[in-house]
Every structure is written in structure tokens, then in C-alpha cells.
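What follows is the residue order along each chain.
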Amino acid sequence: MIEVQALCKDFHVHRKQEGLMGSLRALVKRETVVKHAVKAATFHVAEGEILGLVGANGAGKTTLVKMLAGIIHPSGGEARVLGHRPWERTRDFQRHIALIMGQKAQLWWDLPAADCFLLLKEIYQIPEARYRETLAFLTETLQVKGELNIQIRRLSLGERMKMELIAALLHQPRVVFLDEPTIGLDLSAQRAIRDFILYYREQHRPAMILTSHYMEDIERLCERILIIREGELVFDGPLVEVMRTHARHKVISLQLKPGAPSVNLRRLLGTGRDVEVLEEGPERIRIQAPRDEIPNLAGRLVSELQVHDLAVEEVDIATVIEGLLHARGGGQAAPEELAAPEELAAPEEVAA
């Protein structure tokens, strides 16, 4: 559905020195620097797949999505979306994609959603029967049927986002770009949007690219992710591979019985292992240990301590990815070492 090969985007940025003299010099001779927004990005997205695009602010995620949606023309490389070059903006291409940006509205502020949808019906030339059927499905699934005749500006943020989703999906696109679709929403609205995206994917099987700073979006929606660090795609593979390869520890959380006798925890754990006590109290203990030692360690703790409850927790995925994004040289893993075995050749991206 989406094929990207060595896709690049450079921006020419004017730079001037501070102060009056700097402004005068810029009038005579402007200094220009090249900003590499996307550099040699290579990946693919299959039908029915939701690909997570993860990176820090300014990592070029939106620039990449805009190129694939045909909004920005690339500086080099190649991309095919449904067999089309996006920046040529053919009518057939535009009829089969959708771009949803959580920070930008596409609906008319002073019109009710129902009127906005009628305009979009004419723009996309959707047959009447299909329009009614699709609109009924989307409004019932998102539970906004009662808000269709209310002005967009009078809706809550969560309701507006649901209307944006309906507007983007009315023409049943085969490729959907989701750029921060849950940004600014409360927890209930975020959960509703995630559930809807999963249900819509199951029913219609579009290819999707999702960018989000909410790790719960990524964990809930994406089985495969791209991680961008300082302009480079440093990981392309399953989300579980990130945890297996780069989250080498788990946390054992113990709830002790009331009045349990104190023990020498360090002596019990022994020495020479990569085991760390995160919390030690009269009723609660948390220990971080390597994954392969968790079963034996948990068994020993249960046999030696008066345990009321025990849980084994994964390290937070956001912490793992943040560590990858901020990795540097000087002993830190290089991008090649972070990549999953199935990573495609030389993908890179630089912030716009």
C-alpha cells in the first residue's frame, strides 16, 4: 500500500546575526543554511497495518507524513502510495487517502457537522446510498448522532475530533494518515478514539500511519513501529522486539503480609547479579532484575518472605523508547545496533 525508498526533504533556511548590524548585513547578503528534514527514509506499510511513527518533537514525523499525503514535494528519493507518486496529486490518489491532524481542523467552524459532511459528499462525489450508509456507520460507532446539527465550534474537543474522523473517512479511504489524533483529549475521549480506530481497521483494512506522543496510543494501536532519533530511523520492527531487545529487565512488586518480620534483603538477593532494590518498606518491596532471572528470583522471594501478593511488571515502554531516542556515542548503542534484524536498508530522518 505504501512503499518509501530513500525519501529526502531539505529546507533552505535564512539565518542572520543578532542586532542592527546583523539585520543590515542580511539586507545585502543573506546567509542560507540547508536543514535536512528527511534523509533517506526507507520503509513500507501493508494493507490493514497501523504503523507507529515515534520520535521527539521536531524529529520530522509530520514532514514525512505530509510528503506521503502529497502536501510537500520531496527533495529526493521515491514513494508510492497505492501506486501513485503522492506529490503529483492525481485525482484518483486524492480520492483514496485521508489525513487527520489533531492540531488542525478541516471542518467549517460555524457550520454544523451535518452540513460539513454534505459538502464533503459533493467534493468526493460519493453516491447517495453509500454516503448515507457510511455516515450512519461512523456516527453510530462514534456515538455522535445527536450532535450532527450543532455548530462545530460549540462541540467539545473530543466531539470535534470525532467529527474530524468522520469527515476524513466518509469517502472510505484505503490509506489513512493519523498525525496526533488524540492530542489534548481527556482520557475517556482518547480511549474512545483508539477503540474506534481499531474497529475501523478491522472492518475496512486500510493502511495507516500513526504519529503520537502518547505511548498508550502506540501500545494500543501498533504492532510495528519506526523510531526516529535525531533525524534517523533507528528502528523498524515489532513493538514487542523493542521490549525484548532493549528492556532487559523486569520489576517484581511484592506486597507483604501485615506484621511480616523484616529480613536482610541484600543478603537474600545475593551479590554479583544485576539486581536493584527500587523500593523497600515494611509492607512493599520492588526489585528490578534481568528477565532471565525473574522466575528463580520470584520463587526464592515467595519461599523466604511472607508474601500477600506478587506482580511482575514490564519496564515502561515510554522509558525504553526515550532511552533509544536520547542515545549518543561514547558507549551508547549506535543506530545500527538498535535496529531490529528485519530493518530495511539505511533509513534516516532529520527534524524539520
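Everything below is about the structure shown above.
Let me begin by describing the structure that accompanies this report. (Residues numbered from 1 in each chain as written. Predicted model: local features only at pLDDT ≥ 70, side-chain atom pairs only at ≥ 80, totals over all residues. Heavy atoms only, no water.)

A look at the sheet that holds strand β2 (residues 31-45)
Phase 1: If you walk across this open sheet you meet the three strands as β2-β1-β4, and the pairing is antiparallel. Two strands bound the open sheet, and with one partner strand each, they are β2 and β4 (76-81). Averaged over all neighbouring strand pairs, the angle between strand axes comes to 30°, with direction disregarded.
Phase 2: Each of β1 (2-15), β2 and β4 is contacted by helix α2 (residues 61-68), which is oriented at about 120° to β1, the strand it contacts most. (Pairing = 2+ DSSP bridges. Helix = DSSP H or I, 4+ residues; strand = E, 2+ residues; numbered from the N terminus. Axes fitted to C-alpha atoms, helices over the stretch in contact; angles between N-to-C directions. Contact = heavy atoms within 4.5 Å.)

Some remarks on the packing of aromatic side chains
Phase 1: For the structure shown, the criterion picks out two aromatic pairs.
Phase 2: Of note, Lys9 hangs over the ring of Phe11, and the distance from its end group to the ring centre comes to 5.2 Å.
Phase 3: Above the plane of the ring of Tyr131 lies Lys121, whose end atom (NZ or CZ) is 5.9 Å from the centre. (Phe/Tyr/Trp six-rings, centres within 6.5 Å; stacked < 30°, edge-to-face > 60°. Lys NZ or Arg CZ within 6 Å of the ring centre and 35° of its normal.)

A word on a nonpolar patch on the surface
Phase 1: Taken together, Leu20, Met21, Leu24, Leu27 and Val28 make up a surface patch of nonpolar side chains, about 610 Å² in accessible area.
Phase 2: Inspection of the secondary structure puts Val28 in helix α1 (residues 19-28).
Phase 3: What makes Val28 exposed here is its relative accessible area of 78%. (Patch = residues over 30% accessible without salt bridge, like charges linked within 9 Å, V, L, I, M, F, W, Y side chains within 5 Å. Areas by Shrake-Rupley, 256 points an atom, 1.4 Å probe, with all protein chains shown as cover. Salt bridge = Lys/Arg side-chain N within 4 Å of Asp/Glu carboxyl O. Buried < 20%, exposed > 50% of the residue type's maximum accessible area, 1.4 Å probe, protein only.)

Re the packing of helix α5 (residues 128-142) against helix α6 (residues 157-169)
Phase 1: Direction vectors running N to C along α5 and α6 enclose 155°, while the axes themselves pass 10 Å from each other. Of the possible angle classes, the one that applies to α5 and α6 is roughly antiparallel. The element α5 and its partner α6 pack so that their crossing is right-handed. Only Lys162, Leu165, Ile166 and Leu169 of α6 make contact with α5, whose side of the interface consists of Thr134, Leu135, Leu138, Thr139 and Leu142.
Phase 2: Class assignment of the residues belonging to the contact of α5 with α6 gives a composition of six nonpolar, two polar and one charged. (Parallel < 35°, antiparallel > 145°, perpendicular 65-115°, else oblique. Left-handed = near helix turned anticlockwise from the far one by under 90°. Nonpolar A, V, L, I, M, F, W, Y, C, P; charged D, E, K, R; others polar.)

Here we look at the side chain of Glu180
Phase 1: With respect to the helices, strands and loops of the structure, Glu180 is situated in the loop between β6 (175-179) and α7 (187-204).
Phase 2: Setting aside anything within four residues of it in sequence, one finds Glu180 in contact with Gly102, Gln103, Thr211, Ser212 and His213.

Structural notes on the sheet that holds strand β9 (residues 232-238)
Phase 1: Here six strands make up an open sheet; going across it, the order is β5-β6-β7-β3-β8-β9 and the pairing mixed. The sheet terminates laterally at β5 (97-101) and β9, the two strands that pair on one side only. Taking the axes of each pair of neighbouring strands and ignoring which way they run, one obtains an average angle of 15° across the sheet.
Phase 2: As paired strands, strand β8 (residues 224-229) and β9 are joined by six bridges and run antiparallel to one another. The residue bridging Ile228 from the neighbouring strand is Leu233, located in β9.
Phase 3: Running at roughly 165° to β5, α6 makes contact with β5 and β6 of the sheet.
Phase 4: Sheet strands in contact with helix α12 (residues 317-325) are β3 (50-55) and β8, and its direction is about 40° off that of β8.

Honestly, it's all geometry; don't read function into it.
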